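Given next are the chains, with one letter for each unit.
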Amino acid sequence: MKEIFAGLGLMEWESFTANRLPLLRLPEEILEALRSGRIEYTKAKAIARLKSAAERQSLLDEVIAQNLSLSEIWKRLKAFQRPTERGELLTRMETTYKRAKKSKVWENPKKRKKLESLLAGIETLLLELD
């Protein structure tokens, strides 16, 4: 499979499996909008984060009607986020940081490598939100 993708020269197999293949699991209304070319795949992935079908459809309609940018979509997603979810998440992040600091996980080479990988993922996520 990797050879086919290399021959096409469009994208790497790893990039395809990480970014494009999961699009097939998007909710049907988003997948239909993506297939018809009304939204880009990055916007489709962002909208799909909403759990409520009604909220998803509302945001999807707004994105299509107003041709919202990805950063505008992220702002609207924050508005849909419940205050308690934000508080719980913040508490979890702070607790996890304290536990990691106390456990000195970075002293174990195997655990350090895993921690670096997870931290890179968080950093990438935060850059996407800016």
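Residues numbered from 1 in each chain as written. Predicted model: local features only at pLDDT ≥ 70, side-chain atom pairs only at ≥ 80, totals over all residues. Heavy atoms only, no water.

Quick rundown of a positive patch on the surface? Include the residues and the values.
Taken together, the side chains of Arg20, Lys45, Arg49 and Lys51 make up a positively charged region of the molecular surface. Mapped onto the secondary structure, Lys45 falls in helix 4 (residues 41-47). Classification of Lys45 as partly exposed rests on a relative accessible area of 34%. (Patch = residues over 30% accessible without salt bridge, like charges linked within 9 Å, V, L, I, M, F, W, Y side chains within 5 Å. Areas by Shrake-Rupley, 256 points an atom, 1.4 Å probe, with all protein chains shown as cover. Salt bridge = Lys/Arg side-chain N within 4 Å of Asp/Glu carboxyl O. Lys, Arg positive; Asp, Glu negative; His and termini not counted. Charge placed at Lys NZ, Arg CZ, Asp CG, Glu CD. Helix = DSSP H or I, 4+ residues; strand = E, 2+ residues; numbered from the N terminus. Buried < 20%, exposed > 50% of the residue type's maximum accessible area, 1.4 Å probe, protein only.)

Help me get a handle on helix 5 (residues 53-66), residues and values and all.
End to end, helix 5 covers 20 Å across 14 residues, agreeing with the expected 20 Å (1.5 Å per residue, within 8%). Buried residues of helix 5: Glu55, Arg56, Leu59, Leu60 and Val63, and no others. All buried residues of helix 5 lie within an arc of 130° about the axis, which places them on one face of the element. Across helix 5 from its buried face, at more than 90 degrees, point the exposed residues Ala54 and Ala65. (Expected span 1.5 Å × (residues − 1). Arc of directions from axis to C-beta.)

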